[in-house]
Every structure is written in C-alpha cells, then in structure tokens.
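What the coordinates show
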Amino acid sequence: MDFFDVVTTQRAIRRLETRPIPDAVLRQIMEAAICAPSGGNRQGWSFVVVRDAAKRARLGELYREAWGELMKVPYYAGAANEPRESPAGKMLASARHLSEHLGEAPVLVLACIALDPGVTPSLTSGASIYPAVQNLMLAARAHGVGSCITTIHRFRDSQVKALLGIPADVETAALIPLGYPLGKFGRPPRRPLREVAFADRWGDAL
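Let me begin by describing the structure that accompanies this report. (Residues numbered from 1 in each chain as written. Predicted model: local features only at pLDDT ≥ 70, side-chain atom pairs only at ≥ 80, totals over all residues. Heavy atoms only, no water.)

Overview of empty space enclosed by the protein
A full pass over the atoms with the stated rule returns two cavities of 30 Å³ or more. The calculated volume of the largest cavity comes to roughly 50 Å³. As for the largest cavity, its lining consists of Arg14, Leu16, His97, Leu98, His101, Leu102, Glu104 and Ala105. When the residues that make up the lining of the largest cavity are grouped by side-chain class, the tally is four nonpolar, two polar and two charged. Put simply, the second largest cavity is a space of about 30 Å³. Lining the second largest cavity we find Leu59, Leu62, Tyr63, Leu102, His153, Val160 and Leu175. Of the residues forming the lining of the second largest cavity, the biggest block, three residues, is contributed by helix 3 (residues 53-70). (1 Å grid on protein atoms, 1.4 Å probe; cavity = no way out; pocket = protein on both sides within 12 Å on 5 of 7 lines; lining within 4 Å. Points joined across faces, edges and corners; volume = space filled by probe spheres on them. Nonpolar A, V, L, I, M, F, W, Y, C, P; charged D, E, K, R; others polar. Helix = DSSP H or I, 4+ residues; strand = E, 2+ residues; numbered from the N terminus.)

Right, dumping it as structure tokens:
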C-alpha cells in the first residue's frame, strides 16, 4: 500500500475476526516494530506474542475485569450516559465490544519496556516503546490486519505478568490485539490541523 494511504486509514479496529494471521504476515509485522527508534538506540523493548488459545482466553478474562475498573473512572462513567450515536457513545460501544471479545482475537501482543533500576516510569519512558507499537500497527494495516492500542490491562498488570512470565521490573506498556477487521478501515474523525498545529508560537495556526 501507499505509505500515506496506510497512515491516514489506520484506525482503532476493535471488532476482529477470529481467523488466524499467517505466520509470514505476523513475522513481517513484528520485524517492522523493531525497526522503530528508541532512546540511545538501546532497544529495551520486548514483545510477547500470544497465540495460545488458553492464554488468550485468560487475558480476555483479566481484561473484562480491568474494564470494570475503568468504568469507575469519571470520564468513562460519564460517557456511559451519552447517546449511543454520539462520538462518545460510539467510542464506548466499540471499547466495550473489545472488553467482551479480546480473548477471541487470534493474536495478542504485549509491548514491554525494560527500565533502568530505580527509574520510575514517566511520560518520556514511552518514547522508547510507543514508536515501535505504532510501527507494528501501521505494518498490520498494510497487510489488512486490524489493531488498536490499549492499556486497560494494567488494572490487572500483576496477573498479566504472572500469566506470561513477564519480569516484575519490566513495564507492560501496551496490549495490541491483532485480527482481520469486521469493520472498515478509513480516515478517522480528527480535529482540523489548524486547531492543533501552530506556526512559531502557541495559538498561531500553521
């Protein structure tokens, strides 16, 4: 696919088919992930690619529990009262579907990052893992594979780590379900560029 077609039509796909992703496709997706930049080129990332049915099912159970925790957060609790056809209502319905069917996705990827001893995770910690996650998702889009990024699993982080043997000092930065989409790719709704890109100083539209 054309690069700009990939970038502008890669959107959160939370409704996924259950049919398997071919090994060659999955490998190419993961190869794209590790071509991303990282701080100091240290490449402290690791990816747990989960295809085992029992482990996917258990991750699905933990994710449903985590979803229940998320719905106590004021923003999401408020969104639950929005009309179903509103942007917030549609977002919530899509996210709820994922919470109910995550374990059915044919592949679940845990993107992890190792931090230096004593370092507390911060916003900048993500600079060495989230570019790789985006590479992964863009490569998936190029192959017609749907994906989305979620961090809701972190409400059950210790159980997720125990299930997959992830060391306690490694951060699980994202959970990415992969599968062929039940919905459609397409340009997602976005605020206009003039509202978010400024020329030389804050507030002056580019």
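Some remarks on the pattern of salt bridges
All chains considered together, the criterion is met by nine salt bridges. Here Glu69 makes a salt bridge to Lys72, at a shortest N to O gap of 3.7 Å. Relative accessible area serves as the criterion here: at 25%, Glu69 is assigned to the partly exposed category. Residue Glu69 pairs with Arg156 through a salt bridge whose shortest N-O separation is 3.5 Å. You can see Glu69 sitting in helix 3 and its partner Arg156 sitting in the loop between strand 3 (146-147) and helix 7 (157-164), a full 87 residues away along the chain. It is possible to trace a salt-bridge network through shared partners that takes in Glu65, Glu69, Lys72 and Arg156. (Salt bridge = Lys/Arg side-chain N within 4 Å of Asp/Glu carboxyl O. Buried < 20%, exposed > 50% of the residue type's maximum accessible area, 1.4 Å probe, protein only.)

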